[in-house]
There are 2 protein chains.
Amino acid sequence: MLEFPMIPDSFLQRLNDYRSVIDNELLSLLDNHEPAYLYDPVRYVFSGKGKRLRPILVLLVAKSFGTPRKTAMPAALAVEILHNFSLVHDDIMDRDDVRHGLPTVHLKWDESAAILAGDALFALAHIELTKLGKYSLDCIRIFNEATIKLCEGQALDKAFEEINVVSLDEYLNMVSLKTGALISLCCQIGGIVGNTTSEKNAELSNFGRFIGQAFQIQDDLLEIFSTSKKMGKSLGSDVLTSKKTYLTCKAIKSNHRTWNQLLEDVSGQNMEQDVLPKLRKYFIDTGIAGSAKKDINNLVSQAKLCLENINSDGDDLLHFVNLIMSRKN
Amino acid sequence: MLEFPMIPDSFLQRLNDYRSVIDNELLSLLDNHEPAYLYDPVRYVFSGKGKRLRPILVLLVAKSFGTPRKTAMPAALAVEILHNFSLVHDDIMDRDDVRHGLPTVHLKWDESAAILAGDALFALAHIELTKLGKYSLDCIRIFNEATIKLCEGQALDKAFEEINVVSLDEYLNMVSLKTGALISLCCQIGGIVGNTTSEKNAELSNFGRFIGQAFQIQDDLLEIFSTSKKMGKSLGSDVLTSKKTYLTCKAIKSNHRTWNQLLEDVSGQNMEQDVLPKLRKYFIDTGIAGSAKKDINNLVSQAKLCLENINSDGDDLLHFVNLIMSRKN
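Residues numbered from 1 in each chain as written. Chains lettered and ligands numbered in written order. Predicted model: local features only at pLDDT ≥ 70, side-chain atom pairs only at ≥ 80, totals over all residues. Heavy atoms only, no water.

**What to know about the overall build of chain A**
Point 1. Each helix and strand in chain A was counted, giving 15 helices and two strands.
Point 2. Expected size for 329 residues packed as a compact globule is a radius of gyration near 20 Å; at 20 Å, chain A falls within 12% of this value.
Point 3. Principal-axis analysis of the C-alpha atoms places the extent of chain A at approximately 60 × 50 × 35 Å.
Point 4. Taken over 329 residues, chain A has a buried fraction of 57%.
Point 5. The contacts of chain A with a sequence gap of at least 6 include a subset with a gap of at least 24, amounting to 75%. (Helix = DSSP H or I, 4+ residues; strand = E, 2+ residues; numbered from the N terminus. Rg over C-alpha atoms; globule rule 2.2 N^0.38 Å. Buried < 20%, exposed > 50% of the residue type's maximum accessible area, 1.4 Å probe, protein only. Contact = heavy atoms within 4.5 Å.)

If you want it as structure tokens, here you go:
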């Protein structure tokens, strides 16, 4: 969707290796645990085809400061577990049916099982963090500060559903809490187990925040311009419910009459065949899609500036940015 | 309901002081936080008339090893926050309407607000635990192990709803996870900030487990023999839904025909005026209520034996046991 430099095959191969190690570690955490009502949903969460971008980011940041994969692994697992805990609970709140190509937990079991699985995941993440020796306490502190931001972001997201007009700044603040805080946490926690200075860690935190915002705006674009097969979830629903996205905030601000008219026109039509093509045309014709891409590029440039200030062995992180920004799902 | 020795007024006064300090600390944690969709429910949770028994237990255990209240306070707050987090989520799962005399969070706001408030509470509890200096990491480790037991207990409780016959042993195992683990955690965490030995902490853990089981069986009795005004919640519902209690497990085992017949007879009748009196008579006539009291007394005796082995300044803990075991709500 956006044009970014080529990514070396050797880097992609390493990411695949990381991913399969992370998958194995996640599943082995929960072997033979009972009762089934709790652990079947928990194991199920990790059987989905997650991209594991967040734990990979932790490992890459730690590696850029010379810290081996094995040392950083509990931190990487903790953020992936946190991410999945928040997805399981968010899916209940947002009544989402599909995640990573599978029925969501509350749909496959029930709401109680999903609430409980999320809670247990959160505790499991902390147990991983206690395995980081002298780094544990610092990691636990920022881990929970980030979790609170995540909750604040999700709360704003829900509160925005009740409001007609949300400014782009309000939306971006929500996104920086809901998505930016977690990506920022990945970078900071990688920095802590990488034993870096607090100045460099502050820069890593900014880097993560920029990438996180770019990632979310890109997600809002993909929600309209990708296909549900590629994304492994149904598309377009955010726009038609009262959920705010970068695109809808811009559309309401620039011309709320034509936007509301469009929503009225497509109401009840088939999503993939009718609604999405009309939305795509609207966002392209109004320049909103173009301005989203421009904002993403700006955020990515700012993120790359942060990397220059960190001065670590940052090639991998550059490749990582280019990779996630050229994703199609 | 049960006869226990008199409790000195000076001790009761100290507990009141503890309670008001804990209440103030809990409310001050959350002053001026936004967004309202997240923090109004969180503040609301602490505005209820909780008895604060768990944080008081932490403070008493720590004090019995000479650790001042101020030092132990973050640990005490953390367990109270954990307890409330689990209540908020359990109330969604169990569809309970009233808690501490107030409408439950999911009823007053909505389910999303309740899920989110619980999640934020869990993170806040951890932030308290990071304030315990050299004791933080040990506390965080057992705190999360206990949380996982809590989840396992709640999962068994939900799974038991789908099963007709649950043995008393299975029920007591569930109770030891769901209630025992948290009370055990209070004792252990008090021991850790009391800088005690691991042997004494193991004994504290057993003490907590016995008290926790006794507390839960007592809760099952109060659910039938107390009044909803005293309890600040509706009574009897556990028995009429398929939820298992000490009393129903015993009733099914001793004579499942007369028990099922009784349930059929009272179906649709007024809870306070008709159902509860009939259930009370049944449990008294069959000796089930008497055997519950006997089991409580045995568990309390075992708990008191643990205290003797710990050999700390344990008078307060004895008073505490006598106090909670003579509670009417």
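**What about unusual backbone geometry?**
Residue and element names in this part refer to chain A.
Point 1. For the peptide bond that leads from E34 to P35, omega is 5°, which places it in the cis range.
Point 2. Considering the arrangement of structural elements, one finds P35 in the loop between α1 (9–28) and α2 (36–47).
Point 3. One non-glycine residue with positive phi stands out, namely R95, at about 55°.

**A look at the relation of the copies chain A and chain B**
The two chain copies are related to each other by a rotation about an axis together with a translation along it.
Point 1. The operation relating chain A to chain B is a screw motion whose rotation component is 180°, with 0.0 Å of axial translation and a residual RMSD of 0.0 Å. The two molecules are tied by a two-fold rotation axis, judged by turn and shift. Within chain A, the C-alpha atom positioned nearest to the axis of rotation is that of L137 of chain A, 3.3 Å from it. (Least-squares fit on C-alpha atoms with pLDDT ≥ 70 in both.)

**A closer look at the interface of chain A and chain B**
Point 1. The interface of chain A with chain B comprises 38 residues on the first partner and 38 residues on the second.
Point 2. Here chain A is connected to chain B by four residue pairs in polar contact (both at pLDDT 80 or more).
Point 3. Taken together, the elements giving at least two residues each to the side of chain A that touches chain B come down to α2, α4 (69–94), α6 (111–129) and α7 (136–160) of chain A.
Point 4. The element contributing the most residues to the side of chain A that touches chain B is α7 of chain A, with 15 residues.
Point 5. Class assignment of the residues belonging to the side of chain A that touches chain B gives a composition of 21 nonpolar, nine polar and eight charged. (Polar contact = N/O pair within 3.5 Å; in protein donor to acceptor, adjacent residues only side chain to side chain. Nonpolar A, V, L, I, M, F, W, Y, C, P; charged D, E, K, R; others polar.)

**With respect to the pattern of salt bridges**
In a structure, side chains of opposite charge can pair up when their charged atoms sit close to one another.
Point 1. For the structure shown, the criterion picks out 34 salt bridges over all chains.
Point 2. Measuring nitrogen to oxygen at the nearest pair gives 3.0 Å for the salt bridge that ties D316 of chain B to R14 of chain B. You can see D316 of chain B sitting in helix α15 (residues 315–325) and its partner R14 of chain B sitting in helix α1 (residues 9–28), a full 302 residues away along the chain.
Point 3. Residue classification places D316 of chain B among the buried residues on the basis of a relative accessible area of 12%.
Point 4. With a closest N to O distance of 3.1 Å, D40 of chain B and R43 of chain B form a salt bridge. You can see D40 of chain B and its partner R43 of chain B sitting in helix α2 (residues 36–47), three residues apart, about one turn around the helix.
Point 5. Given a relative accessible area of 22%, R43 of chain B falls into the partly exposed group.
Point 6. Here the residues in one salt-bridge network are D94, D157, K158, E161, K178 and K243 of chain A, joined through shared partners. (Salt bridge = Lys/Arg side-chain N within 4 Å of Asp/Glu carboxyl O.)

**Looking at helix α12 (residues 246–266) of chain A**
Residue and element names in this part refer to chain A.
Point 1. For α12, with 21 residues, the first-to-last C-alpha span of 20 Å runs short of the 30 Å given by 1.5 Å per residue.
Point 2. The largest bend along α12 reaches roughly 125° and is located at N255.
Point 3. Listing the buried residues of α12 in full gives Y246, L247, T248, C249, A251, I252, W259, L262 and V266.
Point 4. Looking one or two residues beyond α12, the residue adopting positive phi is G268, at roughly 85°. (Expected span 1.5 Å × (residues − 1). Bend = angle between axes of the 7 residues up to and from the residue.)

**Things to note about the packing of aromatic side chains**
Point 1. Under the defined criterion, the tally for this structure stands at 13 aromatic pairs over all chains.
Point 2. An angle of 75° between the planes, with centres 5.9 Å apart, marks the rings of Y282 of chain A and F283 of chain A as edge-to-face.
Point 3. Among the residues examined, Y282 of chain A registers a relative accessible area of 14% and is labelled buried.
Point 4. Aromatic pair F122 of chain B and F143 of chain B: ring centres 6.3 Å apart, planes at 25°, arrangement stacked. Placement of F122 of chain B in helix α6 (residues 111–129) and of F143 of chain B in helix α7 (residues 136–160) is noted, with a sequence separation of 21 residues between them. Grouping residues by exposure puts F122 of chain B and F143 of chain B together as buried.
Point 5. Cluster of aromatic residues (ring-pair linked, three or more members): F85, F122 and F143 of chain A together with F85, F122 and F143 of chain B.
Point 6. Between K108 of chain A and the ring centre of W109 of chain A, over which it is positioned, the NZ or CZ distance is 5.7 Å.
Point 7. Directly above the aromatic system of F215 of chain B lies the positively charged group of R327 of chain B, at a separation of 3.7 Å from the ring centroid. (Phe/Tyr/Trp six-rings, centres within 6.5 Å; stacked < 30°, edge-to-face > 60°. Lys NZ or Arg CZ within 6 Å of the ring centre and 35° of its normal.)

**Quick notes on the side chain of R54 of chain B**
All names here are of chain B.
Point 1. Looking at where R54 falls in the secondary structure, it is placed in helix α3 (residues 53–64).
Point 2. Side-chain polar atoms of R54 contact the side chain of H83, separated by 3.1 Å.
Point 3. Among all residues touching R54, those that are not within four sequence positions of it are V79, E80, H83, L182, C186 and F215.

**What to know about α3 of chain B**
Residues and elements named next belong to chain B.
Point 1. In this model, α3 (12 residues) spans 16 Å end to end at C-alpha, consistent with the 16 Å of a helix rising 1.5 Å per residue.
Point 2. Counting buried positions along α3 gives 11 out of 12 residues, so the element sits mostly inside the fold.
Point 3. Of the residues making up α3, those classed as buried are L53, R54, P55, I56, L57, V58, L59, L60, V61, A62 and S64.
Point 4. In this structure, the buried side of α3 is in contact with α1, α4 (69–94), α8 (168–193), α9 (198–225) and α15.
Point 5. With its phi angle positive at about 85°, G66 sits one or two positions after the end of α3.

**What to know about the environment of Y282 of chain A**
Residue and element names in this part refer to chain A.
Point 1. Looking at the secondary structure, you find Y282 in helix α13 (residues 271–285).
Point 2. Beyond its immediate sequence surroundings of up to four residues, Y282 is in contact with A251, N255, T258, W259 and L262.
Point 3. In this structure the side chain of Y282 is engaged in a polar contact, spanning 3.0 Å, whose partner is the side chain of T258.

**Description of the side chain of H89 of chain B**
Point 1. The residue H89 of chain B is located in helix α4 in this model.
Point 2. Judged by relative accessible area, H89 of chain B falls into the buried class, the value being 0%.
Point 3. Setting aside residues no more than four positions away along its own chain, H89 of chain B makes contact with H89, I115 and D119 of chain A together with A114, I115, G118 and D119 of chain B.

**What to know about the nonpolar core**
Point 1. I189 and F283 of chain A together with I189 and F283 of chain B are the most contacted members of the largest nonpolar core, which totals 232 residues.
Point 2. The dominant element in this core, judged by the number of residues it contributes, is helix α8 (residues 168–193) of chain A, at 14 residues. (Core = buried A, V, L, I, M, F, W, Y, C linked by side-chain atoms within 4.5 Å.)

**Structural notes on the confidence of the model for chain A**
Point 1. Here chain A shows a mean pLDDT of 91. Residues at 70 or above account for 96%.
Point 2. Across chain A, the secondary-structure element scoring lowest on mean pLDDT is helix α10 (residues 228–231) of chain A, at 67, and the one scoring highest is α6 of chain A, at 97. (pLDDT = per-residue confidence, 0-100.)

**Let's talk about the packing of α9 of chain B against helix α14 (residues 288–310) of chain B**
Residues and elements named next belong to chain B.
Point 1. At a minimum axis distance of 9 Å, the contact between α9 and α14 shows a crossing angle of 160°. When the interaxial angle is binned, α9 and α14 end up roughly antiparallel. As α9 runs across α14, the sense of the crossing is left-handed.
Point 2. A breakdown of the residues in the contact of α9 with α14 according to their chemical character gives 17 nonpolar, five polar and four charged. (Axes fitted to C-alpha atoms, helices over the stretch in contact; angles between N-to-C directions. Parallel < 35°, antiparallel > 145°, perpendicular 65-115°, else oblique. Left-handed = near helix turned anticlockwise from the far one by under 90°.)

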